[in-house]
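If you want the building blocks of each chain, they are given just below.
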Amino acid sequence: MTEADTAAETAVGFTERYGRAPVGVWSAPGRVNLIGEHTDYNDGFVFPFAIDQRACVALGARDDRVIRVSSTFAPEVVEVHLDELSPESLEGWSAYPLGVAWALGQFGAELASVAGVDLHISSTVPVGAGLSSSAAIECSVALALDEHWGIGLDRPTLAKVGRLAENRVVGAPTGILDQSASLLSHADAAVFLDCRSLDAEVIPLGLVADGLSILVIDSNVTHAHATGGYAARRASCEAGASALGVDSLRDVRVDDLPRAAAVLDDETFRRVRHIVTENQRVLDTVRILREQGAGAIGALLDASHVSMRDDFEITVPEIDLAVSTAQANGAIGARMTGGGFGGSAIALVIDALVPVIEREVRAAFAEQGYRAPTTFVVRPSEGARRDA
Ligand code: GAF
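Note that the structure is a prediction, hence the values are computed from the model and not measured.

Observations concerning the domain arrangement of the protein chain
Okay, step 1: According to the domain assignment, the protein chain contains domain 1 (3–202) and domain 2 (205–378).
Okay, step 2: Breaking the side of domain 1 that touches domain 2 down by element, the ones donating at least two residues are β1 (24–35), β2 (45–61) and β6 (189–194).
Okay, step 3: A total of 6 residues in the side of domain 1 that touches domain 2 trace back to one element, the largest contributor, which is β2.
Okay, step 4: Class assignment of the residues belonging to the side of domain 1 that touches domain 2 gives a composition of 17 nonpolar, 10 polar and 5 charged.

So this is what it looks like as structure tokens:
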């Protein structure tokens, strides 16, 4: 199904639910993070791109103060009065779109004077695969409501709106990576984002011209960042920064690591070392991409994976197997992408090797008795937009 089909189908779904046509359809993509993992909430660098799987939202005007939201992934229509929107009153899947409506109010939108809306949402971004299905919903809804209500926030601010919904309403202590990728990306390029200044630069990847593909290997081990390991890693980073006397780990350089080793316990040191070296790898990836093209960044992707596996300890055996099998079968580089504890690996691959690596990874999973992975090539795509 093409992206235009998805937008048209979302409009049809809206009409079926609400008995009238929508006034518009907006969409926003999931993302792959090429490199720079867990660096965002440490004020560091990330280098993601939007993928060609998107969440779509169709919107219809109302003349009262009610918001209704329906979707293709749950049978119910959730209804809330605009005066009753609060982080505490929202739960389940509807916390993502309704959380965004609440968060817009925290960024200056005069919600007291807007009329309600009906929303219908669909998505082709796989859930729990580490590809930011939640940010895709948040960013499509943020763009739709911002335009419909005439708020006029810029895209970096809309990314903050999405992150606030995720942090305060959904309860996941995430950074700004996913929403920035979803809102700022351009086709055939990745976004080099400084998460401290929020300066963003769109850098062409040139994959098609170089005959390269990014293969996603979804381990089908699902993750959730509202609980567990993600928050623990964030706490370790904060403890490390505090022990080293810096505001954030962005302020620690690779040359400072011997001093850090003398001050920190072994586990905290390894968490810090991942962040510090990962920031440097992002900078090196951007430089090498510019100088030599994507075919030359493989060793950095591989090193990033080792760091996530051994220092940050956020990979799982299925993901490690996906990465090592891709590498053993000719991938230029491979690493886990996203927050970890499941989700997906990516492999940078010469086009002709894609089917070979897919086959070998599947065979390796079967041999270990793991649930079959889902594999697909992603195309670096345009960020959030109005479709109709
Ligand atoms: C998740 C979070 F949402 C991001 O903010 C980021 O921390 C990422 O994990 C790890 O790089 O996707």
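There's more to say after this.
Some remarks on the site of the ligand
Okay, step 1: The local shell around the ligand holds 12 residues, among which Glu-37, Thr-174, Gly-175, Leu-177 and Gly-339 are the closest.
Okay, step 2: The residue makeup of the shell around the ligand, split by class, is 2 nonpolar, 7 polar and 3 charged.
Okay, step 3: Structurally, the shell around the ligand is a two-domain feature, drawing no fewer than three residues from each of domain 1 (3–202) and domain 2 (205–378).

Here we look at the environment of Ala-239
Okay, step 1: Structurally, Ala-239 can be placed in helix α6 (residues 229–244).
Okay, step 2: Taking the number of C-beta atoms within 10 Å as the measure of exposure, Ala-239 has 16 and is therefore partly exposed.
Okay, step 3: For the pair formed by Ala-239 and Val-272, sequence separation is 33 residues and the distance between their alpha carbons is 9.5 Å.

A few points about the packing of helix α4 (residues 155–170) against helix α5 (residues 177–184)
Okay, step 1: Where α4 meets α5, the closest approach of the two axes is 8 Å, and the angle between their N-to-C directions is 140°. The orientation of α4 with respect to α5, classified from their angle, is oblique. Considering only the axes of α4 and α5, their crossing is right-handed. For the pair α4 and α5, the contacting residues are Arg-155, Leu-158, Ala-159, Gly-162 and Arg-163 in the first and Gln-179, Ser-180, Leu-183 and Leu-184 in the second.
Okay, step 2: Of the residues belonging to the contact of α4 with α5, the class tally is 4 nonpolar, 3 polar and 2 charged.

Focus: the UniProt feature "domain: GHMP kinase N-terminal" (unreviewed entry) in the protein chain
Okay, step 1: With numbering aligned to this structure, UniProt lists the feature "domain: GHMP kinase N-terminal" (unreviewed entry) at residues 98–185.
Okay, step 2: Helix makes up 56% of residues 98–185 and strand 8%. Its end C-alpha atoms lie 24 Å apart.

Focus on the pairing of strand β5 (residues 117–123)
Okay, step 1: β5 sits mainly inside the fold: 7 of its 7 residues count as buried.
Okay, step 2: By the bridge criterion, 5 bridges tie strand β3 (residues 66–71) to β5 in an arrangement that is parallel. Bridge pairing in β5 links Ile-67 to Val-117.

Structural notes on helix α9 (residues 298–311)
Okay, step 1: Between its first and last C-alpha, α9 extends 20 Å over 14 residues, near the 20 Å set by a 1.5 Å rise per residue.
Okay, step 2: Of the residues making up α9, those classed as buried are Leu-300, Leu-301, Asp-302, Ser-304, His-305, Ser-307, Met-308 and Arg-309.
Okay, step 3: Tucked inside the fold, the buried residues of α9 contact β1, α8 (266–292), α10 (317–328), β9 (333–337) and β10 (344–350).
Okay, step 4: Just beyond α9, the residue with positive phi is Glu-313, at close to 50°.

A word on the UniProt feature "domain: GHMP kinase C-terminal" (unreviewed entry) in the protein chain
Okay, step 1: Summarizing the sequence annotation, UniProt attributes the feature "domain: GHMP kinase C-terminal" (unreviewed entry) to residues 289–364 in the numbering used throughout.
Okay, step 2: The span residues 289–364 is 54% helical and 16% strand by assignment, and the distance between its end C-alpha atoms comes to 31 Å.

Some thoughts on helix α3 (residues 133–148)
Okay, step 1: With 16 residues, α3 ought to run about 22 Å at 1.5 Å a step, and its terminal C-alpha atoms sit 23 Å apart, in line with that.
Okay, step 2: The buried count for α3 comes to 14 of 16 residues, which makes it a mostly enclosed element.
Okay, step 3: The positive-phi residue at the C-terminal boundary of α3 is Gly-150, with phi of around 65°.

Conventions and cut-offs
Residues numbered from 1 in each chain as written. Predicted model: local features only at pLDDT ≥ 70, side-chain atom pairs only at ≥ 80, totals over all residues. Domains from an automatic or database assignment. Helix = DSSP H or I, 4+ residues; strand = E, 2+ residues; numbered from the N terminus. Nonpolar A, V, L, I, M, F, W, Y, C, P; charged D, E, K, R; others polar. Near = placed C-beta within 6 Å. Buried ≥ 20, exposed ≤ 12 C-beta atoms within 10 Å, placed from the backbone. Axes fitted to C-alpha atoms, helices over the stretch in contact; angles between N-to-C directions. Parallel < 35°, antiparallel > 145°, perpendicular 65-115°, else oblique. Left-handed = near helix turned anticlockwise from the far one by under 90°. Contact = placed C-beta atoms within 7 Å. UniProt positions renumbered as here; feature names shortened; annotations may be inferred. Pairing = 2+ DSSP bridges. Expected span 1.5 Å × (residues − 1).

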